[in-house]
Amino acid sequence: MDTLIESLSGLSPIGLGLAGSLIAGLGTGVGALPMFLIPRLTPRIQDVLLAFSAGIMLAATFFSLIQPGLDAAAVVTEHPGLAAGLVILGVLFGAAALWAI
């Protein structure tokens, strides 16, 4: 592990970005491989897989975006209610931007 960190510390930011993108892409490809091995999915299995994926994405959204946003907004506004309102407003603006796109 130490040699990996030492070898990565010598890379430029662009090299680190390329390495990170390559690792993420390989992870996505490896994760998709089981779909090529399953000949046919029943609607019930599709529903379970979609629900599982939605749960993972909801958790990732909260723990990686909303919770840090609440923490940062609480520092700026110094009031938890205003912080929550600011984050809600940001989420709504982001949803509106995606809808407009």
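Going by the structure above, here's the rest.
(A) Focus on unusual backbone geometry. Although it is not a glycine, Glu78 sits at a positive phi angle of roughly 60 degrees. Mapped onto the elements, Glu78 comes out in the loop between α3 (43-77) and α4 (80-100). By relative accessible area, Glu78 is classed as exposed at 71%.

(B) A look at the environment of Phe52. Structurally, Phe52 can be placed in helix α3. We classify Phe52 as exposed; its relative accessible area is 56%. Along the backbone, Phe52 and Thr77 are 25 residues apart, and their C-alpha atoms lie at a distance of 36 Å.

Conventions and cut-offs
- Residues numbered from 1 in each chain as written.
- Predicted model: local features only at pLDDT ≥ 70, side-chain atom pairs only at ≥ 80, totals over all residues.
- Heavy atoms only, no water.
- Helix = DSSP H or I, 4+ residues; strand = E, 2+ residues; numbered from the N terminus.
- Buried < 20%, exposed > 50% of the residue type's maximum accessible area, 1.4 Å probe, protein only.

Function cannot be read off these values alone, since they describe shape.
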